[in-house]
Amino acid sequence: MELPVATDGVYRPKPSLSLSNVKVTSGGFDESGYYDGVVRGDANSVMSRGSVAPTGHETLDVPPHYDFYANTEVWGRRRLSRPSLYQLHAKPEDDSRPPMYEETTTGQMEAGDSSNEDEDEQKEPPSEPTRFGWVQGVMIRCMLNIWGVILFLRLPWITAQAGIGLTWVIILLSSCITGITGLSTSAIATNGKVKGGGTYFLISRSLGPELGGSIGLIFAFANAVAVAMHTVGFAETVTDLMREHGAVMVDRTNDIRIIGIITVTFLFGISMAGMAWESKAQILFFLVILVSFVSYVVGTIIPASPEKQAKGFFSYKADIFAANFVPDWRGPEGSFFGMFSIFFPSATGILAGANISGDLKNPAVAIPRGTLLAIFWTTVSYIIISATIGSCVVRDASGLLNDTLSSSSSSEDCVGLACKYGWDFTECIDNKTCAYGISNYYQSMSMVSAFAPLITAGIFGATLSSALACLVSAPKVFQCLCKDQLYPLIGFFGKGYGKNHEPLRGYLLTYVIAACFIIIAELNTIAPIISNFFLCSYSLINFSCFHASITNSPGWRPSFRFYSKWLSLLGAVCCVVIMFLLTWWAALIAFSIVFLLLGYTLYKKPAVNWGSSVQASSYNMALNQCVSLNHVEDHVKNYRPQCLVLTGPPSSRPALVDLVNCFTKSLSLMMCGNVITAGPSPSAEDKASSESHVTWLNQRKVKSFYRGMEATELRSGVNMLLQGAGLGRIKPNVLLMGFKKDWHSDTLQAGHNYIGILHDAFDLQYGVCVLRMKGGLDVSRPSPSHVNPGFDGGPEGINAVSARSRIRTTPVSIEPEPQSDTVFQNKQGKKTIDVFWLNDDGGLTLLLPYLLTRRKRWAKCKVRVFVGGDADRKEERREEVRALIEKFRLGFHDVEVLPDIDQNPKSENVHQFENMVSRFRLDTNPKQDSESAAPKQREEPWMITEQDFERNKAKSLRQIRLHEVLQDYSREAALIVITMPVGRRGACPSALYLAWLDFLSRDLRPPVLLVRGNHENVLTFYCQ
């Protein structure tokens, strides 16, 4: 089936009921042709058609397609987007229905601009950057980084110190840690598409930016220091060769520094040339190392010459193996963990491939396969070399051809294994001046080799390749960290250059750091420095794998299955333990840096969302805690006012938000409710669920939930919130809303529905609070589509339904509203909070002011409690109420009794009240039966009959009198809290009830909070 396209470049199905376009199967119509045309997007067939409006009978459903899940685009073709659910079930006659697909292209092309399309078609596709497979990109790179300077220059010495047996333990322990880390890395790397950034990317996208950012900085720094370690190893070898031939520039230490700086500058030049040149150099180094290994193995088999015997080499001997199998600790570093700290950096190259994840063809395949094979083969090579060198070379030898065991000398006085083979090294052993042997001569492998220059070439290849790999890894990791902008002042180094986005500035920074550490010029000093940093990185990688597994998140689906969460946890713990056993003070420094950076990130809260396991864990903990509350019975001592606040968009009524936040912050639940009085549509859904509301609350530092609701009218939407808001026992029990100040000018139905909300809340056993401020609450001018006029009325009616806006197929991005200052954000000073506790509602009227005084901005306010009473029992009534408040331990001491509260109000105020409700009174003929008004009242229940007015006259006069009392006593208060009157349903019309609330709280400078609890105790003076 061919698909026509409109002039705007959007695919639309061709309207046709002809069965020639589809195939009929036993199950109905086969729409595969339609699907194929849609998904493949055949430009020839599509562009040749004109625009045909959809009829509503054709389907919009499409089969699964890669474009629907991808975040990136493929050059040269349009990217399709999945039709929305609204598009599938909207009414066919809805002329605002969106097109079937929204398509995007890589250019800045406007829809329907054919000239731009032609230009895009003529452009050449962008050149692909260099990408590597698992062998060249990961395995070889990791093996080269593992086969570093330690292999050739320190492994024979470690074997002499620890013995062959403990050397194997060191090797296997290191391999176990790196192997477990390799399994964890493989699991994380196969749980989604991996981009550039290596270790930092894996940890940060798993554990989040807090730990990921801190370990990213540490790991990048450790790699930069590792460049210095491998370069110093190379410089040591060159310096020793020069000294053997009598060439000395200054002295040994300064020669190492000079050669090291020259070498790292050369490597810096190679890295600046690009990844292609760096990869070619790595392959050359790999071949050189393999040839040097062959030369070494052949050398162990060839019979030893006198020159080699003088240096301690006697070929394979069982007694040499037995003697070297046990340890012989020497010097200040002579301990198991001393040797481990020196050897372990040689096993830390397992992340060299992962660190260039952005340059791999398929990181999810290359990282596991290449990393694990590299760990296996390098472990085998280490064990073989330690066993062979320990079987052929004695620990001490003089290197002098004259130190043979003559027939005249006594063999009993000869010390060392060499005595059995005709050599006497007793003098240098006793004097500890032996220059050769695996305990003294770092170049023992070169001495054993069949052709010594090949070992020297191997040393050059191993050290230079490892240094080059670290020199490339550190900037790649650091570049990704800089692009995420987690820390200030480092974004400068994130800029990429060329098709590979090479971090040239990062290369320069790494070069400077490496050069600074090269100045140390002592390999045994540099190696332990980076051991703790690498161990810290490995610990977090293992913990990332464990944490992602233990949270049971459905998003944790690594394709690499050969891992165990408990093994990852063991690896993480082992890394931490080893850190402190190696160098406890360095471990403390490493963790101090991690926690310092962690604290900074937690404080700044970067605006990133990577779906980390920490987020999944937070959900798990919250869910478990909510479920556990089901086993906790309610008790008055644990009562908390959990507030559902009808704010509409929270930014439109900031004063209401701020007041409720004062007595719920860090104490109880606060949920902002917003009812969208519009028909169902994507635009209404966007307004209801927009993240901008939550962002506004977060920026205001208000700890509140937000819940949007779509409904045909406000009352039904609020009713759904009242019944459906919350989770388990964490659900609202107090409703707060703004006073509808425009009730007398709005539609009559609007006021009736507003009072209906109060009745609904009472029916559902909610406490109710209504806030009124002199200037009103609503600081915005919202469009009719999302106004909630019943919360603090605007000019629109409560049943106003907005015209449907044109439907969009992509979510609307709404910027958060600006922050407005309110009186509740300021310190209230030494003002008063006047509480008119006129009717007992369970204690909510007293509890809310008490919670306010626990906040700093309200702490200096004095709470005055006003109660009614007879004039002749005034003091007795005061003491009675004061004693009750003291039992509640609220700390309110100022109690005032109002004996004149039941007096008649002033006549002018009564006249004002009557004028207020005159519009809503039914004119009935006194000669007719009183029931004559009943039919009309049933049609208009908000209207006030004469019977209603007379029946509620006493309550009306009381509200008028209370208004006079408030004017007399509370003009300068910071807040007035008064018990809200209750109008009986069916006996008090909504208009009369609104008039009570209006007249009671009108013309008052302080904010007025009308409170009515649900008449269940919220205060108690008992201990149980």
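Relevant structure appears above.
Cut-offs and rules
- Residues numbered from 1 in each chain as written.
- Predicted model: local features only at pLDDT ≥ 70, side-chain atom pairs only at ≥ 80, totals over all residues.
- Heavy atoms only, no water.
- Helix = DSSP H or I, 4+ residues; strand = E, 2+ residues; numbered from the N terminus.
- Buried < 20%, exposed > 50% of the residue type's maximum accessible area, 1.4 Å probe, protein only.
- Contact = heavy atoms within 4.5 Å.
- Disulfide = S-S within 2.5 Å.
- Axes fitted to C-alpha atoms, helices over the stretch in contact; angles between N-to-C directions.
- Parallel < 35°, antiparallel > 145°, perpendicular 65-115°, else oblique.
- Left-handed = near helix turned anticlockwise from the far one by under 90°.
- Nonpolar A, V, L, I, M, F, W, Y, C, P; charged D, E, K, R; others polar.
- Patch = residues over 30% accessible without salt bridge, like charges linked within 9 Å, V, L, I, M, F, W, Y side chains within 5 Å.
- Areas by Shrake-Rupley, 256 points an atom, 1.4 Å probe, with all protein chains shown as cover.
- Salt bridge = Lys/Arg side-chain N within 4 Å of Asp/Glu carboxyl O.
- Lys, Arg positive; Asp, Glu negative; His and termini not counted.
- Charge placed at Lys NZ, Arg CZ, Asp CG, Glu CD.
- Phe/Tyr/Trp six-rings, centres within 6.5 Å; stacked < 30°, edge-to-face > 60°.
- Expected span 1.5 Å × (residues − 1).
- Pairing = 2+ DSSP bridges.

Peer 1: Explain the side chain of Ser439 to me, please; I cannot follow it from the model alone.
Peer 2: Secondary-structure assignment places Ser439 in the loop between helix H16 (426-431) and helix H17 (444-448). Look at Ser439 and you get buried, because its relative accessible area is 12%. Not counting the four nearest positions on each side in its chain, Ser439 is found in contact with Trp157, Ala160, Arg330, Arg395 and Asp396.

Peer 1: I'm lost on the state of the cysteines in this one. Help?
Peer 2: The bond known as a disulfide is covalent and runs between the sulfur atoms of two cysteines. All told, the structure shown has two disulfides when counted by the stated rule. Through a disulfide, Cys414 is tied to Cys419; the S-S separation comes to 1.7 Å. Across the S-S bond linking Cys414 and Cys419, the dihedral sits near -85 degrees, which makes this disulfide left-handed. With relative accessibility at 14%, the residue Cys419 sits in the buried group. The disulfide pattern of the chain is 1-2, 3-4 when the bonded cysteines are numbered in sequence order.

Peer 1: Just to check I follow, could you spell out the packing of helix H8 (residues 198-207) against helix H18 (residues 452-484) for this structure?
Peer 2: When two helices pack together, their arrangement is given by the angle between the helix axes and the distance between those axes. Taken N-terminus to C-terminus, the directions of H8 and H18 make an angle of 40 degrees; their axes are 8 Å apart at the nearest point. Classified by the angle their axes make, H8 and H18 are oblique. The residues of H18 that touch H8, namely those facing Tyr200, Phe201 and Arg205, are Val477, Cys480, Leu481 and Asp484.

Peer 1: It is not clear to me how the side chain of Ser214 should be interpreted in this structure. Could you clarify?
Peer 2: Take Ser214: it is sitting in helix H9 (residues 209-244). According to the relative accessible area criterion, Ser214 is buried, its value standing at 0%. Apart from the residues lying within four places of it in its own chain, the contact partners of Ser214 are Tyr487, Val594, Leu597 and Leu598.

Peer 1: How do you make sense of the packing of helix H10 (residues 252-273) against helix H19 (residues 504-518) when you look at a structure like this?
Peer 2: Direction vectors running N to C along H10 and H19 enclose 170 degrees, while the axes themselves pass 10 Å from each other. Put simply, H10 runs roughly antiparallel to H19. By crossing handedness, the relation of H10 to H19 is classed as right-handed. Of the residues in H19, those touching H10 at Arg257, Gly260, Ile261, Val264, Thr265, Phe268, Ser271 and Met272 are Leu504, Tyr507, Leu508, Tyr511, Ala514, Ala515 and Ile518. Broken down by class, the residue content of the contact of H10 with H19 amounts to eleven nonpolar, three polar and one charged.

Peer 1: Would you explain a positive patch on the surface in this entry?
Peer 2: A cluster of basic side chains, namely Lys827, Lys830, Lys856 and Lys860, defines a positive patch on the protein surface. Along the chain, the position of Lys860 falls in the loop between helix H29 (844-853) and strand E9 (862-868). You can call Lys860 exposed: its relative accessible area is 61%.

Peer 1: Would you mind going over the packing of aromatic side chains with me for this structure?
Peer 2: Two descriptors summarise a pair of aromatic rings, namely the distance from one centre to the other and the angle between the planes of the rings. Per the stated rule, a full pass over the model turns up 35 aromatic pairs. Here the aromatic rings of Phe824 and Trp858 are separated by 6.2 Å at their centres, their planes lie at 25 degrees, and the arrangement is stacked. Taken together, the positions of Phe824 in the loop between strand E7 (767-772) and strand E8 (832-836) and Trp858 in the loop between H29 and E9 put the pair 34 residues apart, joining distant regions of the chain. The class for Phe824 is buried, based on a relative accessible area of 1%. The class of Trp858 is buried, set by a relative accessible area of 0%. Three or more aromatic residues joined by ring pairs make a cluster, and in this case those are Trp147, Phe152, Phe286 and Phe293.

Peer 1: I would appreciate a short explanation of a nonpolar patch on the surface in the present structure.
Peer 2: Together, Phe580, Trp584, Trp585, Leu588, Ile589 and Ile593 make up an exposed nonpolar region whose accessible area comes to about 610 Å². With five residues, the single largest contributor to the nonpolar patch is helix H22 (residues 584-604). As for its position among the elements, Ile589 is in helix H22.

Peer 1: Looking at this model, I keep getting lost on unusual backbone geometry. Mind explaining?
Peer 2: Peptide bonds are, in most cases, trans, and in most cases residues other than glycine have a negative phi. With a phi close to 60 degrees, Lys701 is a non-glycine residue in the positive phi region. Tracing the backbone shows Lys701 in the loop between helix H26 (691-699) and strand E5 (705-711).

Peer 1: What's the story with the pattern of salt bridges in this structure? I'm lost.
Peer 2: Note that side chains of opposite charge can pair when their charged atoms are close. Taken as a whole, this structure holds 26 salt bridges when the rule is applied. The salt bridge involving Asp658 is made with Arg700; its shortest N-O contact spans 2.8 Å. Note that Asp658 is positioned in helix H24 (residues 654-664) and Arg700 in the loop between H26 and E5, a separation of 42 residues in sequence. The class of Arg700 is buried, set by a relative accessible area of 9%. Residue Arg873 pairs with Glu876 through a salt bridge whose shortest N-O separation is 3.1 Å. Residue class for Arg873 comes out partly exposed when judged on its relative accessible area of 34%. One salt-bridge network, held together by shared partners, links Asp328, Arg330, Arg395 and Asp396.

Peer 1: It is not clear to me how H18 should be interpreted in this structure. Could you clarify?
Peer 2: Along an α-helix, residues three or four positions apart point the same way, because every turn accommodates 3.6 residues. With 33 residues, H18 ought to run about 48 Å at 1.5 Å a step, and its terminal C-alpha atoms sit 49 Å apart, in line with that. Among the 33 residues that make up H18, 27 are buried, leaving the element largely enclosed by the rest of the structure. After H18 finishes, the residue Gln485 shows a positive phi value of roughly 55 degrees.

Peer 1: Mind showing me how you'd approach the sheet that holds strand E3 (residues 643-646) here?
Peer 2: Note: strands within a sheet are paired through backbone hydrogen bonds, in either parallel or antiparallel orientation. Read from one edge of the open sheet, ten strands run E5-E4-E3-E6-E7-E12-E11-E8-E9-E10, paired in mixed fashion. Single-partner strands in this sheet number two, and they are E5 and strand E10 (894-898). Within the sheet, the average angular offset between the axes of one strand and its neighbour, ignoring direction, is 20 degrees. By the bridge criterion, five bridges tie E7 to strand E12 (residues 1008-1012) in an arrangement that is antiparallel. Bridged to Cys769 within E12 is Val1011.

Peer 1: Explain the environment of Thr237 here, please?
Peer 2: Summarising the element assignment, Thr237 is placed in helix H9. According to the relative accessible area criterion, Thr237 is buried, its value standing at 1%. In the structure, Thr237 is positioned 219 residues away from Thr456 in sequence and 7.6 Å away in space, judged by C-alpha atoms. Setting aside chain neighbours within four positions, we find Thr237 in contact with Leu153, Gln443, Thr456, Ile459 and Phe460.

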